[in-house]
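Descriptive analysis of the structure
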Protein chains: 2
Amino acid sequence: MDNEWIISDNSLEEKDLLKNESLFNVSNGYLGVRGNFEEKYPENYKTIRGTYINAFYEDAPIQYGEKAYAFPETMQKIVNVTDSQDIDIIINGEKFSVFQGTIKDFNRYVDIKKGCYIREIQWVSPLGKELKIKITRMASLKYLELFVINYEIEKVNFDEDIIIESSINGDVANFTDENDPRVGTDHAKILSVKSITAEKEVMQIVSETENSKNIVAMTTKHKCDAEHEVTVEKTDKSVKAIIKIGTESRLINFTKYNVYTDSRRHENVEKCGFEIAGKLSSISFESLREKQEEYLNKFWSLADIDIVGDEKLHQGLKYNLYQLLQAVGKDEKSNITAKGLSGEGYEGHYFWDTEIYILPFFTLCYPELAKGLLRYRYNILDGARERALEMGHKKGAAYPWRTIIGKECSSYFPAGTAQYHINGDIAYSYVQYYLATGDFDFIKEFGAEVIFETARIWLEIGHFDKGLFKIDAVTGPDEYTAIVNNNYYTNVMAKYNLKWAVKFYNELRCKDQKTLEILSDKIGITEEEVKNFEDAYTNMYLPYNEELKINAQDDTFLSKAVWDFENTPKENYPLLLNYHPLTIYRYQVLKQADTVLAHFLIEDEADFNTIKNSYDYYEKITTHDSSLSCAAYSIMASKVGYQNLAYKYFIETARLDLDDTHGNTKDGIHTANMGGTWMAIVYGFAGLRIKEDYISLSPKLPEIWNELSFGFSYKGNHIKVYMKKDKTEIISEGKSLIVLKLNKTLYEITGSKKIEILN
Amino acid sequence: MDNEWIISDNSLEEKDLLKNESLFNVSNGYLGVRGNFEEKYPENYKTIRGTYINAFYEDAPIQYGEKAYAFPETMQKIVNVTDSQDIDIIINGEKFSVFQGTIKDFNRYVDIKKGCYIREIQWVSPLGKELKIKITRMASLKYLELFVINYEIEKVNFDEDIIIESSINGDVANFTDENDPRVGTDHAKILSVKSITAEKEVMQIVSETENSKNIVAMTTKHKCDAEHEVTVEKTDKSVKAIIKIGTESRLINFTKYNVYTDSRRHENVEKCGFEIAGKLSSISFESLREKQEEYLNKFWSLADIDIVGDEKLHQGLKYNLYQLLQAVGKDEKSNITAKGLSGEGYEGHYFWDTEIYILPFFTLCYPELAKGLLRYRYNILDGARERALEMGHKKGAAYPWRTIIGKECSSYFPAGTAQYHINGDIAYSYVQYYLATGDFDFIKEFGAEVIFETARIWLEIGHFDKGLFKIDAVTGPDEYTAIVNNNYYTNVMAKYNLKWAVKFYNELRCKDQKTLEILSDKIGITEEEVKNFEDAYTNMYLPYNEELKINAQDDTFLSKAVWDFENTPKENYPLLLNYHPLTIYRYQVLKQADTVLAHFLIEDEADFNTIKNSYDYYEKITTHDSSLSCAAYSIMASKVGYQNLAYKYFIETARLDLDDTHGNTKDGIHTANMGGTWMAIVYGFAGLRIKEDYISLSPKLPEIWNELSFGFSYKGNHIKVYMKKDKTEIISEGKSLIVLKLNKTLYEITGSKKIEILN
């Protein structure tokens, strides 16, 4: 039944079920619920039963064998909160379960146009009772606190009572795996139940985290259209409603409204929970569903992209964008975690992934949501300033490598705090947002301060050496090399950061002296300091190897031995799970695009030949062990003219989670890669770049496709691009004057206009 | 009362008491007891009450925030074992304590000629009872299991009963400090009591460690020359003997024989404990004391060194050598911990300190003990081979950076496992031992295998680059710079290791084909492999900076910014306790001698000017935050002709612990520095070097001294050097033909001979 809007998987294999818990998560950026079965699996099946609230965290102490100065003492960790998924259907003592009896029909899928995850089952119990059940779940995109489950039940061949047992359970724990650095290793038991309400009308569990003292209330109301009686049972940590439905109803419609309120967003979580649950449960499920579809209609009109000629990839692409929408924080307290709200991998932390791999999509397709993500970074600026001081810097902001509330959560600094490039990445994303929207007010209010503070860090960690500005002891995006001098990526991003700090400073000085004064009062930025920024970026050292005619990844990278790929068996990938980091650091081997990524983000710092040579050199020694790698390689393969390769890498990104190619989708989807899929198309195949004064496109349609079309916003205009076998059409709608460069020609466009060029 | 043999400190200040617990430890290489008061301090005083058995360890799990492949999962940790120190003297309910009543006289000192630690107190109780007490402690150097305490008590002005309460206590814990990486952070409670014997004749507590299942028995017998009655009280974890002494004795002599037996050395620890305690308690204290003095007479005749003209330094020097004797493991299961057996700092681990800072003394003055230390490394060779495989190497041995039983205990690899130079250091110490003793049998039996296996590691981590052999991703001795390419120290030690592997291989091939065959069968060493060793060392890359005319510490060190010493306040040292490691790594700043140390150990790889220039350059940027630094700088200051500086650094080493200049003597003495003191004299002021075919001396007596004399063994001969104001005399006694180079003249010496040269 799959099509571009329907992603299904009916497997009941244990391994697939675990993976599908992630794939079939329902989330809305505030809360997310894994696709567990309401009635559970057989007892011996492995499961990660989870519900998460974005940015709802515990402070977990970090243990070190040998601790050093300014190592973070605690880290924030996303919490698996109260479980509201449990629903059992009982007929004469027989519990509904697809693992017993006979399945006559079974469909499990997510409908990304409607924003629902659905299970349809036609089932005969071991004693012969036949049921048709349709279970629909939604995390409401309109009412963020709401996770709703609807059951449509049809009694096919019997009249007996049906009992629905619906529970909420506060006895929850986080998932841990001490041997995989990509998931948490400790601190499973976080929440304790503070109070329980067990009434026929409403059930509520209020729980608190042990250290951070964050409180969450989980409030449930039920609605059943059939005649029924309710009794309620309570334990220390759970409540169960037993709903006995009269024999007369052949068709039963039952809805469980689950409302999550938390002390980071709601003033009185209990009261608020009751109120919201009261309000929302008065809305029919059908009406909620319609609102969900409306929301998605808007989203799909903005995230407007179609591939004609390759249904599987088209589906993968759509699915990925849907997941991004599900994952993105809708308030400024939260961002997009590495796994969205679909799992606990990377402990609910926010990384540079947002800025480099995810924001491009939102910036061009949904600027309002992009703004929220940027605001989040502004909101944690104080934490970054504190961290800078803690790291021994005199001023500036050192953004944490991984965090929830702004404090560094990385306990392995060579691949954490050492990645100073995150400062440049954040600055870059503000600049890109500005260039795409022209929204200078946003820069005045938030961006300038972030860009000045991040720029300052480069003067703290950099120094002049024989007239060149150099930056030592950092780690670039490629975590298979650590603590090096003059990582090309870092230096080029620092240069961009410094350059734009100077530009914005000068622009404010010309256009808005007042704002500049307020900012100077606040953070003490001076003309002299800005002069130093200028000195630093104009003399920024960008490593270049004369012999290979490539940008060197860092000062010593190219003098190392190349990893012995030939004698590395396939099962030894990803290397990080099979070799000591030091052994990996010793060799020329990349986890992911580094210089190649820099050549994408800031393409004007290198000429085409250097970019192509670098691509050729680094591609051979990149393992793509990071899910962030293929998108960058796909984009750059397009750029340097390797169409087949570009396509190959794109396939990797498009279905990475659907096909579980990294084998860890069970821990959650890979949000950065999902953003990367879109980038591989728009930045790769269409060659889009946001330049200072224009937007440029160099479309190259993959041979296998008949047509590719996508839309985006640029300075308030809506632009739609149709790439066809024989031509490219661009339709611009809106009022702004924009400049568009198509291949090598510049077009000045005002009002609505269509450009067409033949290939 | 101080003189060269007596080191005293009568302070009762809390801080001094804590420090003196370390300084007044009594140890014999097997067991060590801190200088706590038998009767304890006032309750609120901080104390680390400790007794340690060398290499008696617990396996403590290591926690990581983010764990990676091949990070050690457990580490061995020295155990604070059953406390046998408790003795109280009670007169009519008044307990003896120097913290109440009146002290008429008090002397607390260690007599390093007799090998005893003594407290002499003349004390009047609050109610006016006057006592003279002399408490003498020894860890017997002849009977290693024995820690004995003798009380001589004189009742000065009363006749009443005296009660002596003597306890043994199994309720012990290790000391932890979670903010100092130099002491343990966790795992305080390790031992649990398994059985208790509480008889009038003998008391015993048997305890076991939780994870490693090591067992220790602590057996105590008492002897009292006055008429007395004994009762015994027992709790779950302790036994107390209450010895009531008749009124008629005015002088009381009381001895507590404490015998420690452990399952790593004794087959049945309980039985063995009873037997040894029975046997030893039949020896009078006086006789034990005599045997101790005899042992020390022999030691001081070997460790024969005198400074005339500076008593405090002379005392410091003697004290340091005495502590080395106390610390050195006398079996091959144990080595010398970083703190001897005087405290828990660095958790009882063995480091490269032994090979580079301590073995030179034993090799030249007490070769039998040196041999034991070398044998220890041979005994843990299997562990080093396993670690090499775990690190991804195909063969060879990767010695652990810190260990007790041979498994890596470092949980911070950038300043741990990355210090591959420990392989070279161990190989170096074998070669030095061989060159000093001529003991080729030892090389055949143990040394060759160690040297071949350590040599192999360089081929594993090194590679050829443009014809030069390079070694990447290592950390040198200077831990303020980490994970670099071509650390000069490492490369030069690797070269020496490889060169001697080739030499010994060839020597075996010529002299002892049989041994070589056995070894080849065992470890598979081949001609071809040895050819590769030769290629590697003859092409070893040793970084040299043309501009500065110095050896560069590594490939990128000299391009970094120099640390801002001017704006670093004094209280910010040591830097490691006040700056994040990454911040430190970013700058040219040294914790300790690195290239300068290499120029001492392997002086023939660089010419004098390079050595001098390097000294000048690195000295300016070295903080000496490591206690291992000053000795190396003193030696090299002598070498390059900075006599005053040499003397200044020597002073730092000679009294580092006595004057607590690093502020952490409370955690234990600094054994490496103590070896360094001796080296600063012998290698520094006397300019001794062990060369391949001869031993060389270039004496330069510090101006402030009248005379310096020392003796050592060389190829079985005893050589005594007298450095005087006007001349140097060398007296050689023995039968071997030796070659000695004095300043620039070579002397061939057979039989006993005296050489005299005027300055």
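An unreviewed UniProt entry annotates chain A as Alpha,alpha-trehalose phosphorylase originating from Clostridium fungisolvens. In UniProt, chain A has this text filed under Sequence similarities (unreviewed entry): "Belongs to the glycosyl hydrolase 65 family."

Another aspect to go through is the sheet that holds strand β16 (residues 228-234) of chain A. All names here are of chain A. The strand order β7-β6-β12-β17-β16 describes an open sheet built from five strands, whose pairing is antiparallel. Since the sheet does not close on itself, it has two edges, and those belong to β7 (94-95) and β16, each with one partner. One ladder, built from two bridges, connects strand β6 (residues 87-91) with β7; its direction is antiparallel. Within β7, the position partnered with isoleucine 90 by the bridge is lysine 95.

In this structure, Phe362(A), Tyr357(B), Phe362(B) and Phe710(B) are the most contacted members of the largest nonpolar core, which totals 463 residues. Split by domain, the residues of this core number at least three in each of domain 1 (6-60 + 75-269) and domain 2 (692-759) of chain B. In this structure Phe710(B) touches Asp304(B), Ile305(B), Val682(B), Ala686(B), Leu688(B), Leu697(B), Ile719(B), Lys720(B), Val721(B) and Met723(B), once residues within four positions along its chain are discounted.

Residue and element names in this part refer to chain B. Most of strand β6 (residues 87-91) sits out of view: five of its five residues are buried. The side-chain alternation of β6 yields two buried faces, one formed by Ile87, Ile89 and Ile91 and the other by Asp88 and Ile90. In this sheet, strand β12 (residues 162-169) lies alongside β6 in antiparallel orientation, the contact comprising four bridges. Note on β12: the bridge partner recorded for isoleucine 89 is isoleucine 164. The loop that links β6 with its antiparallel partner strand β7 (residues 94-95) comprises two residues; one of these, asparagine 92, has a positive phi angle of about 50 degrees.

Once that is clear, we can look at the packing of helix α9 (residues 440-461) of chain A against helix α10 (residues 488-511) of chain A. All names here are of chain A. Remark: α9 packs on α10, axes separated minimally by 9 Å, with the N-to-C direction vectors making an angle of 135 degrees. Considered as vectors, α9 and α10 are oriented oblique to each other. Regarding α9 and α10, the two cross each other, and that crossing is left-handed. Contact residues: Phe440, Ile443, Lys444, Ala448, Ile451, Phe452, Thr454, Ala455 and Trp458 in α9; Thr490, Ala494, Asn497, Leu498, Trp500, Ala501, Phe504, Tyr505, Glu507 and Leu508 in α10. Its residues assigned to classes, the contact of α9 with α10 comprises 14 nonpolar, three polar and two charged.

Topologically, Thr671(A) is positioned in helix α18 (residues 671-685). Setting aside anything within four residues of it in sequence, one finds Thr671(A) in contact with Leu324(A), Ala327(A), Ile336(A), Thr337(A), Ala338(A), Lys339(A), Gly340(A) and Ile358(A).

So, about the UniProt feature "active site" (unreviewed entry) in chain A. All names here are of chain A. Within this structure's numbering, the places UniProt gives as "active site" (unreviewed entry) are Glu479. Of note, glutamate 479 is situated in the loop between β21 (468-471) and α10. What glutamate 479 contacts, discounting residues up to four positions off in sequence, is Trp401, Ala415, Gln419, Tyr585 and Lys591.

Side-chain positions along a regular strand alternate between the two faces of the sheet. All names here are of chain B. Taken across its seven residues, strand β14 (residues 203-209) has seven buried, putting it largely inside the fold. Here β14 shows two buried faces, one formed by Met203, Ile205, Ser207 and Thr209 and the other by Gln204, Val206 and Glu208. Note that β14 and strand β15 (residues 215-224) share six bridges and pair antiparallel. Its bridge partner lying in β15, isoleucine 205 is registered against methionine 218. In this antiparallel pair of consecutive strands, β14 and β15, the connection spans five residues, and lysine 213 shows a positive phi of 55 degrees.

Residues and elements named next belong to chain B. Strand order in the open sheet made by the nine strands is β1-β8-β9-β10-β11-β18-β15-β14-β13, with antiparallel pairing throughout. Where the open sheet ends on each side, the last strands, each with one partner, are β1 (6-8) and β13 (191-198). Neighbour-to-neighbour, the strand axes of this sheet turn through a mean angle of 15 degrees, independent of strand direction. Across the face of the sheet, helix α2 (residues 269-281) comes into contact with β11 (146-155), β13, β14, β15 and β18 (251-262) while running at roughly 150 degrees to β18. The strands touched by helix α3 (residues 285-302) are β9 (116-124), β10 (130-139), β11 and β18; relative to β10, the strand with the most contacts, the crossing angle is about 50 degrees.

For the pair chain A and chain B, the relating rotation is 180 degrees, the translation along its axis is 0.1 Å, and the fit reaches an RMSD of 0.1 Å. Taken together, the turn and the small shift mark the pair as related by a two-fold rotation axis. Mapped onto chain B, 100% of the interface residues of chain A are again interface residues, and the two copies thus contact each other with one and the same surface.

Take the interface of chain A and chain B next. Listed as interface residues are 55 residues of chain A and, on the opposing side, 55 residues of chain B. Here chain A and chain B share an interface that buries about 4,500 Å² over both sides, 55% of which is from carbon and sulfur atoms. Of all residues in chain A, the largest losses of buried area upon contact with chain B belong to Glu66(A), His580(A) and Arg586(A), amounting jointly to 16% of the total for that side. If you look at where chain A meets chain B, you find two salt bridges. Here Glu66(B) makes a salt bridge to Arg402(A), at a shortest N to O gap of 3.5 Å.

Here Asp667(B) shows up in the loop between α17 (643-654) and α18 (671-685). At 2.7 Å, the side chain of Asp667(B) forms a polar contact with the side chain of Lys666(B).

Turning to helix α11 (residues 513-523) of chain A, a few remarks are in order. Residue and element names in this part refer to chain A. When we look at burial in α11, the residues that qualify are Thr515, Leu516, Leu519 and Ile523. Taken around the axis of α11, the buried residues stretch over an arc of 95 degrees, which confines them to a single face. Projecting away from the buried face of α11 at angles above 90 degrees are the exposed residues Lys514, Ile518 and Asp521. Among the structural elements, α7 (381-390), α9 and α10 are those in contact with the buried residues of α11.

What follows covers the environment of Val721(B). Residues and elements named next belong to chain B. With respect to the element layout, valine 721 can be found in strand β29 (residues 717-724). Owing to a relative accessible area of 1%, valine 721 belongs among the buried residues under this scheme. Between the C-alpha atom of valine 721 and that of phenylalanine 56, which follows or precedes it by 665 residues, the distance is 40 Å. For valine 721, the residues in contact, after removing those within four places along its chain, are Leu697, Leu708, Ser709, Phe710, Phe712, Thr728, Glu729 and Ile730.

Here we take up the pattern of salt bridges. One side chain can pair with another of opposite charge once the charged atoms of both are near each other. All names here are of chain A. Overall, the coordinates contain 124 salt bridges over all chains when judged by the stated rule. Of the charged contacts, one joins aspartate 441 and lysine 444 as a salt bridge, the two residues approaching to 3.6 Å between their closest N and O atoms. You can see aspartate 441 and its partner lysine 444 sitting in helix α9, three residues apart, about one turn around the helix. Residue glutamate 453 pairs with arginine 456 through a salt bridge whose shortest N-O separation is 3.1 Å. Remark: arginine 456 and glutamate 453 occur in helix α9; sequence separation between them is three residues, near one turn of the helix. Among the residues examined, glutamate 453 registers a relative accessible area of 2% and is labelled buried.

Attention now moves to α18(B). For an α-helix the count is 3.6 residues per turn, leaving residues at separations of three or four pointing the same way. Residues and elements named next belong to chain B. Its 15 residues place the ends of α18 21 Å apart at the C-alpha level, agreeing with the 21 Å of an ideal helix rising 1.5 Å per residue. In α18, a bend of some 35 degrees at methionine 679 exceeds every other bend along the element. Most of α18 sits inside the fold, with 15 of its 15 residues counted as buried. Once α18 ends, the next one or two residues include glycine 687, with phi positive near 65 degrees.

Under the criterion given, the structure shown has 104 aromatic pairs over all chains. Consider the rings of Trp352(B) and Tyr489(B), whose centres lie 6.1 Å apart with planes at 85 degrees: the pair is edge-to-face. Of this pair, Trp352(B) sits in the loop between α4 (311-327) and α5 (353-365) while Tyr489(B) sits in helix α10 (residues 488-511), and the two are 137 residues apart along the sequence. Assessed through its relative accessible area of 2%, Trp352(B) is described here as buried. An aromatic cluster of at least three residues, connected via ring pairs, comprises Trp5(A), Phe299(A), Trp300(A), Phe361(A), Phe362(A), Tyr366(A), Phe600(A), Trp678(A) and Tyr683(A).

So, about the packing of helix α6 (residues 367-379) of chain A against helix α8 (residues 421-437) of chain A. Residues and elements named next belong to chain A. Running from N to C, α6 and α8 cross one another at 145 degrees; their axes reach a closest spacing of 11 Å. For the pair α6 and α8, the crossing hand works out as left-handed. For the pair α6 and α8, the contacting residues are Pro367, Ala370, Lys371, Leu374, Arg375, Arg377 and Tyr378 in the first and Ile422, Ile426, Ser429, Tyr430, Tyr433 and Thr437 in the second. Class assignment of the residues belonging to the contact of α6 with α8 gives a composition of eight nonpolar, two polar and three charged.

The residue Ala217(B) is located in strand β15 in this model. Separated by 21 residues in sequence, Ala217(B) and Ile196(B) place their C-alpha atoms 9.5 Å apart.

Cis geometry marks the peptide bond from Tyr573(A) to Pro574(A), where omega comes out at -5 degrees. In this structure, Pro574(A) sits in the loop between β24 (561-562) and α13 (581-585). The residue Lys213(A) is not glycine, and still its phi comes out positive at about 60 degrees. Within the element layout of this structure, Lys213(A) appears in the loop between β14 (203-209) and β15 (215-224). Note on Lys213(A): relative accessible area 48%, which makes it partly exposed. Here Ala473(B), not a glycine, exhibits a phi torsion of approximately 55 degrees, which is positive. Structurally, Ala473(B) is set in the loop between β21 (468-471) and α10.

Conventions adopted
Residues numbered from 1 in each chain as written. Chains lettered and ligands numbered in written order. Predicted model: local features only at pLDDT ≥ 70, side-chain atom pairs only at ≥ 80, totals over all residues. Heavy atoms only, no water. UniProt positions renumbered as here; feature names shortened; annotations may be inferred. Pairing = 2+ DSSP bridges. Helix = DSSP H or I, 4+ residues; strand = E, 2+ residues; numbered from the N terminus. Core = buried A, V, L, I, M, F, W, Y, C linked by side-chain atoms within 4.5 Å. Buried < 20%, exposed > 50% of the residue type's maximum accessible area, 1.4 Å probe, protein only. Domains from an automatic or database assignment. Contact = heavy atoms within 4.5 Å. Axes fitted to C-alpha atoms, helices over the stretch in contact; angles between N-to-C directions. Parallel < 35°, antiparallel > 145°, perpendicular 65-115°, else oblique. Left-handed = near helix turned anticlockwise from the far one by under 90°. Nonpolar A, V, L, I, M, F, W, Y, C, P; charged D, E, K, R; others polar. Least-squares fit on C-alpha atoms with pLDDT ≥ 70 in both. Buried area = accessible area lost by both parts, 1.4 Å probe. Salt bridge = Lys/Arg side-chain N within 4 Å of Asp/Glu carboxyl O. Polar contact = N/O pair within 3.5 Å; in protein donor to acceptor, adjacent residues only side chain to side chain. Arc of directions from axis to C-beta. Expected span 1.5 Å × (residues − 1). Bend = angle between axes of the 7 residues up to and from the residue. Phe/Tyr/Trp six-rings, centres within 6.5 Å; stacked < 30°, edge-to-face > 60°.

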